[in-house]
Every structure is written in structure tokens, then in C-alpha cells.
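Residues per chain, in single letters:
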Amino acid sequence: MSSRAVTAASVVDAGLSPYAPSPYLVRSRTEETSDIATLVLEPAAGVTMRPFVPGQFNMLHAFGIGEAAISISSAAGPSGELTHTVQSLGPTSKALFSARPGTCIGVRGPYGHGWPIEAAVGKDVLLAAGGLGLPPLRPLLYRLLAEREKYGRIEVVYGARTPKHLVFYEELQSWRARNDLRFQVTVDVAGREWYGDVGVVTTRIPDTRFEPANTVAFVCGPEVMMRFTAQALLARGIGPDSMYLSMERNMKCAIGLCGHCQFGPDFVCRDGPVFSYRRIGPYLTMREV
Amino acid sequence: MSSEVPGDVKAALAAHAFFKGLPEGLLAAATSAARERSYRTGEFLLREGRAADEFFALLDGKVALEMFAADRLRLTVQTVGRGDVIGWSWLAPPHRWTLDAIAVKPTRAIAIDVSALRGHFAAKPADGYEFLLRLVPVLASRIQALEMQLLEADVL
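Here we summarise the structure given alongside this text.

**So, the overall build of chain B**
Step number 1: Scanning chain B from terminus to terminus reveals four helices and eight strands.
Step number 2: In chain B, the succession of α and β elements from N to C terminus is α-α-β-β-β-β-β-β-β-β-α-α.
Step number 3: Scaling as 2.2 N^0.38, a compact globule of 156 residues should have a C-alpha radius of gyration of about 15 Å, and chain B matches this with 16 Å.
Step number 4: Residues classed as buried in chain B amount to 34% of the 156 residues present.

Structure, rendered in C-alpha cells:
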């Protein structure tokens, strides 16, 4: 992943292959936790950044190592920057996590269907994020706040495993300080040094304020968290057509050809990653899927 | 004894999310043994291993449910607040608390002497059933939270 060894010319395949990544340079890197980093990317010379919408993902290429599907975590828009928040789990994500400013990374995308923001216009909005589920919801939150007058009450519930696993820590403080947004943070377990709430995301759902019949919920996190959160939201009266989940599966081609990310009748990369609960709810409790 | 219970305690208990709408006789039995308590930050409501002889209905504040592990000191496994209840060890032998509960903010609670509840349930099992119908969902949600904590431990 040396920024000297890889050049734009060496990696761009003149646009003929759908698998050819475009070269981007790491502009800055923020270490969120001991194994999660946020990378701000800028296109290399001659590369034009493609527009994206909140909820989409890119395939990030660590040259010589591999590719991984990573959600876009920055605000969308013509002048927006491209930001990805990466957790070091395997060789590729470890290389991406470790990338320093100036490093060249391959980007192909954006892919998939994003959050259906238009469904929330005129309604209360609930965002529920677990762990690394916050980065894919961050662009959505920016969009909601940018056009705040279009929505009713906005509630956010964000849970992490422990206080040291919280990401976007400084932004959390600014979001929690806003009076046009209610942002609850909770952790699964904590020591005495933590003064906030403790309990999984579902324990905060009863304390959220919204009009169930007029609310749209956007949920992202580990599947078990989404499964239980969806049940809690259904119990609060949010309908299956008003709840959207972002799925994560082992995406390889990202264009609906290879089948690695098949989930029930859908390919997560092509038909998702965002689905309505009506569409995928039944599959969340199937072991065979 | 009921005449000693201030009216605001009666009203607070009747309006509490857990007790609201319970049968009048059950509410009266609970009220007769109820006391309002205030806890400063850092003060314990109950301690692991001690006799479980009270049931707490929280009116305000925040309470941490803590476990003590020798190698990790104290771990908070959940925080609870207004509208929540604490304490069911009095329903199952050996009737000892299995967690610590400590106020992490100034907290007000109604503490109910469970001997009154036990006596009432023995005389009126239907009220005991009503009470359990309220308590079991609380237990279920705590168990589900623990399941999530276990399942997420490796993936969050």
C-alpha cells in the first residue's frame, strides 16, 4: 500500500472493467478506537469523484491485498468529501485501517440502494445504530439536519460495546448538545468512569419519543441488534413498511453477479444494502439464510 | 400502617408505570408498606448478597446495576431510571440480592417492604398473578438485553 509504488496509470483500466478501482489518496486519518479509523479520501489526479447518496457503499481496494465493502460515512453532496470508517478485522481491513495520509487506495462504487430519505419527509424519524452501524447512518443524519424543517422529531439511539468503542466521539458531543435532535448514547457494559446510560440499544427504545403511526425508522448494526431493535420498534407501533435496515453480507463483486451476498431472494449488494423490514424481516430469524 | 403513608407516596405509586392500573387491593397492599427514599450519588439501594426484602419503584434519577468481578472491578450492566423497577430476588430463594444497585445521579424511589406483598399474594393469588404479569416482561427484557450483550460481544 505504498503511495509511491502505486500510480493512477497502473490501476485504472480505462473504465472497461467493472472491477477496476479508481485511485484515491488518503487525505487524513482519525483513529476512532484501537481498531477503527476514519479515512478522508480525495480522488487522485484525473479521477472524478462519483456522487453518492446516504447508505451506499464503496469497494475499497488495498493494493496487493484485497477488497472490502465499506459504507460511506460522510455527508453526500456535490462538494462533499468521501469518508470511510474502517474496522480492522482481516488482512484487507487491517491494511485500510492502517493507511496513512498520502497512501493510495482503490475505490470502486458507489453501490447499492441508500436510505429512502423521501419516505421520512413530514414524519418523525428514529435512527438506531449499534457499534459500527453509526457510520452508514452518519450521512443520513447530516442530510436530515441539513434540511431539518422537513422532518418532525428526530431521535437517535446509538449503542456501543463499551465507552472506548464509541466512534465520532467529538461529534457525539455536538449532536447531543443540539436542541432540534435527541441523541441517546448507551454502552453494553461500563466501569465507574462512565456516567452515561448502560444497556443495549433496545433498552433505550422505550424512552424514545415519536408518534408511531407517523414515524420512519432507520436501523443499522450487527444483525442480532437489528433483529431485536426491529422487534422493539414493532412493539412501539412502527410498521414493517416504515422501518429500514442496512444489511451487511460478504460482498465480493458488488454488482449482483457473484452471489456471495445472497440473502433470501435478494443480493445485498444489488438489491440493498438498505431493505424495508417488510422485505427482509422474515429472513432475519432463519438459520439457513 | 396505611394511615402513615403520605398521600403523595400513594399518588406516586399509583401513577408509576409499573403499578398503574393494577387491582386496587394490590395497590393498597403495596402502598401500605411503601416508603419514599432519596439517594445521593454513590449511595447504594441494595447490595449483592444481602437479604432481598424490598422492591423499588424508581421515581427519578438514575441507578446503575453493577456486578463485581475481582479482575475487572465493578461493571455496570444496565442503568435504569424513572418508571423502572428494581429487585425480584425476594421472589426466589435464597432471597438474596444478586447485583449491586447504586445511584449514579440523585435518585428518588419508593421502597416497598416485600413481606406485605408476600402476605397479600398468599391471600389473593389472583393479585399475585397480576403482579407477575407486570414483572415477567421486565425480566424478559433484561434477559433479552443480556442475550444481546452476549451475542454482540464478538461482533460490535
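**Considerations on the packing of helix 2 (residues 24–32) of chain B against helix 3 (residues 114–123) of chain B**
Residues and elements named next belong to chain B.
Step number 1: Look at helix 2 against helix 3: their axes get within 8 Å of each other, and the N-to-C directions meet at 155°. Accordingly, the angle class assigned to the pair helix 2 and helix 3 is roughly antiparallel. Helix-helix and strand crossings are classified by hand; for helix 2 and helix 3 the assignment is right-handed. Between helix 2, through L26, A29, A30 and S32, and helix 3, the contact on the second element is made entirely by A116, L117 and H120.

**Some thoughts on the interface of chain B and chain A**
Step number 1: Taken together, the contact pairs 17 residues of chain B with 21 residues of chain A.
Step number 2: Of all the elements in the fold, those that place two or more residues in the side of chain B that touches chain A are strand 5 (73–81) and helix 4 (125–152) of chain B.
Step number 3: Among the elements that make up the side of chain B that touches chain A, the one with the highest residue count is strand 5 of chain B (seven residues).
Step number 4: Classifying every residue of the side of chain B that touches chain A by side-chain character gives 10 nonpolar, five polar and two charged.

**Comments concerning the pairing of strand 9 (residues 182–187) of chain A**
All names here are of chain A.
Step number 1: Here strand 8 (residues 154–160) runs beside strand 9; their pairing, made up of six bridges, is parallel. When the sheet's bridge partners are listed, V157 is paired in strand 9 with Q184.
Step number 2: Crossover handedness for the path strand 8 to helix 4 (residues 169–177) to strand 9: right-handed.
Step number 3: Across two bridges, the pairing between strand 9 and strand 10 (residues 197–198) is parallel. Across the sheet, T186 pairs through a bridge with D197, a residue of strand 10.

How each quantity is defined
- Residues numbered from 1 in each chain as written.
- Chains lettered and ligands numbered in written order.
- Predicted model: local features only at pLDDT ≥ 70, side-chain atom pairs only at ≥ 80, totals over all residues.
- Helix = DSSP H or I, 4+ residues; strand = E, 2+ residues; numbered from the N terminus.
- Rg over C-alpha atoms; globule rule 2.2 N^0.38 Å.
- Buried ≥ 20, exposed ≤ 12 C-beta atoms within 10 Å, placed from the backbone.
- Axes fitted to C-alpha atoms, helices over the stretch in contact; angles between N-to-C directions.
- Parallel < 35°, antiparallel > 145°, perpendicular 65-115°, else oblique.
- Left-handed = near helix turned anticlockwise from the far one by under 90°.
- Contact = placed C-beta atoms within 7 Å.
- Nonpolar A, V, L, I, M, F, W, Y, C, P; charged D, E, K, R; others polar.
- Pairing = 2+ DSSP bridges.
- Right-handed = clockwise from strand over helix to strand, strands pointing away.

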